[in-house]
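Descriptive analysis of the structure
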Amino acid sequence: MAIDKNFEQFIREIPKAELHVHLEGTIEAEMMFRLAQRNQIKLRFASVSELKQAYEFNDLRDFLILYTEGTRVMRTALDFYDVAMAYLKKMHEQHVLHTEIFIDFQTYLKRNIAPDIIMEGLELAVKDAKEQWGISVLLILCFLRQLGPESALNTFQHVLRFRGQITGIGLASIENGFPPELYRQVFDLARNEGFKLVAHAGEEGPWQYVEGSVDVLKVDRIDHGNNSCQNPELALRIAKMQIPLTLCPLSNIKLKNVDKLENHSAKKMLEKGMLVTINSDDPSYFGGYINENLIAISEALDLTKQQIITLAKNSFKASFIPEERKAELIKLVDNYANGSNK
Ligand code: ADE
Ligand code: ZN
């Protein structure tokens, strides 16, 4: 059912945070062509519209092929700056006050692009976004799980060099066949070094991968986590522990992990008291940024205004910002909600 225009505006303008977005998934088709031209890289697509026509995926593995291919246009610090700023500008327009962005180092290390180049561009974008729009940004390095634990350990050495600029580590890419337990050592090291910990789990993989991420990797947040609902006891435990789950509804549809939005577990999770948030994952490929995700899931599941307020508050609660700023941002949501009742 289509949602009321006033409710839609309420969703668009509520103060919010995004906690699950891959920088590589924010490269819009137009940007890809612009960077390809600037860096003299030949794309296998003749035009922006031809590229966009390829945005149909059978599953996660199928998507990751195009996603990785798209990163070929990223070469210089300016490329990373431009991609990050385009995303952050969009976030400003969508009333996002804080965002935590995933970045893959291994993809670029393979091509001899040093993390120093990536961080030079991103650091400047973080600074400029704060100055221009007041948005705070944290960066999380995601290990690509199919490259194995040894590669993750080697990559972690680069993360250590950027302590202070990188807040946490995560696990992403192909999930099935690469259980969380493989990454125990690097997660233990990172925890001891004071990094925050997240992991994609239960997106395409079974509930056991969510359990392993919680119990063995001891993550602070689960990315996706949809399949935790297949084990009600685990879901209850996650609710009790208030481990946040960063849900990405349009991603689940595009990657065929959920057949239709009406069958998405977001509402059931909210009703169980799980600390869930709504995010975009790879917005340029999946047809929507955070607001489009919030509107689509509200429409499909008939979410209430109170549930939208809870989702907005959860987005700050589940973030890695200092407690003081968290409290301020949550207060902004309350003020916004109270103002809209007058
Ligand atoms: N990397 C980018 N998008 C991803 C997703 N949806 N799942 C796992 N890894 C990813
Ligand atoms: Zn993701």
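Structure first, text after, so check above.
Just so it is clear, the model here is predicted, and its values are computed rather than measured.

1. Examining the pairing of strand β4 (residues 166-172)
By the criterion of burial, β4 is predominantly enclosed, with seven of the seven residues buried. With six bridges joining them, strand β3 (residues 136-144) and β4 adopt parallel strand pairing. The residue bridging F143 from the neighbouring strand is L171, located in β4. Looking at chain direction, β4 and strand β5 (residues 196-201) are connected through two bridges and run parallel. Across the sheet, residue G168 finds its bridge partner in β5, namely K196. Crossover handedness for the path β4 to helix α9 (residues 184-192) to β5: right-handed.

2. Digging into the site of ligand 1
Looking at ligand 1, there are 13 residues lining it, with H22, S173, E203, D281 and D282 nearest. One nitrogen or oxygen atom from the side chain of D281 is found 2.7 Å from a nitrogen atom belonging to ligand 1. Residue D282 places a side-chain N or O atom 2.7 Å away from a nitrogen atom belonging to ligand 1. Protein chains shield 99% of the accessible area of ligand 1, which is 260 Å² for the free molecule. Among the elements that make up the shell around ligand 1, the one with the highest residue count is helix α4 (residues 60-70) (four residues).

3. Some words on the coordination of the zinc ion (ligand 2)
Protein coordination at the zinc ion (ligand 2): the donors are H20 (NE2), H22 (NE2), H200 (NE2) and D281 (OD), at 2.0 to 2.2 Å from the metal. With four donor atoms in place around the zinc ion (ligand 2) and angles of 83 to 171° between them, the coordination shape is irregular. Within one chain, the residues donating to the zinc ion (ligand 2) are spaced in sequence as H-x1-H-x177-H-x80-D. With a gap of 178 residues between them, H22 in strand β1 (residues 16-22) and H200 in strand β5 connect regions that are remote in the sequence. Both residues of the pair, H22 and H200, count as buried.

4. Comments concerning the environment of L234
Tracing the chain through its elements places L234 in helix α11 (residues 232-241). Relative accessible area serves as the criterion here: at 3%, L234 is assigned to the buried category. Sequence spacing of L234 and F102 is 132 residues, and the spatial spacing of their C-alpha atoms is 26 Å. L234 has contacts with W207, V210, E211 and S228, leaving out every residue within four places of it along the chain.

5. Concerning the sheet that holds strand β7 (residues 245-247)
Strand order in the open sheet formed by eight strands is β1-β2-β3-β4-β5-β6-β7-β8, and the pairing between neighbours is parallel. Each edge of the open sheet is held by one strand with a lone partner, namely β1 and β8 (276-278). The average undirected angle you get between the axes of adjacent strands in this sheet is 25°. Note: β7 against β8, three bridges, orientation parallel. The partner of L247 across the bridge, within β8, is I278. The strands touched by helix α7 (residues 115-133) within the sheet are β2 (96-104), β3 and β4, with β3 carrying the most contacts at an inclination of about 155°. Docked against the sheet, helix α8 (residues 148-161) engages β3 and β4, running at close to 150° with respect to β3.

6. Considering the environment of A86
Summarising the element assignment, A86 is placed in helix α5 (residues 77-93). Classification of A86 by relative accessible area gives partly exposed; the value is 37%. As a C-alpha pair, A86 and T26 span 60 residues in sequence and 8.4 Å in three-dimensional space.

7. Some words on the environment of K110
When you line up the elements, K110 lands in the loop between α6 (106-109) and α7. Given a relative accessible area of 65%, K110 falls into the exposed group. In sequence terms K110 and L247 are 137 residues apart; their C-alpha atoms lie 30 Å from each other.

Rules of the game
- Residues numbered from 1 in each chain as written.
- Chains lettered and ligands numbered in written order.
- Predicted model: local features only at pLDDT ≥ 70, side-chain atom pairs only at ≥ 80, totals over all residues.
- Heavy atoms only, no water.
- Buried < 20%, exposed > 50% of the residue type's maximum accessible area, 1.4 Å probe, protein only.
- Helix = DSSP H or I, 4+ residues; strand = E, 2+ residues; numbered from the N terminus.
- Pairing = 2+ DSSP bridges.
- Right-handed = clockwise from strand over helix to strand, strands pointing away.
- Near = heavy atom within 4 Å.
- Polar contact = N/O pair within 3.5 Å; in protein donor to acceptor, adjacent residues only side chain to side chain.
- Areas by Shrake-Rupley, 256 points an atom, 1.4 Å probe, with all protein chains shown as cover.
- Donors = N, O, S within 2.8 Å, 3.2 Å for Na, K, Ca; no water.
- Tetrahedral: all angles 85-135°; square planar, octahedral: opposite > 155°, others 65-115°.
- Contact = heavy atoms within 4.5 Å.
- Axes fitted to C-alpha atoms, helices over the stretch in contact; angles between N-to-C directions.

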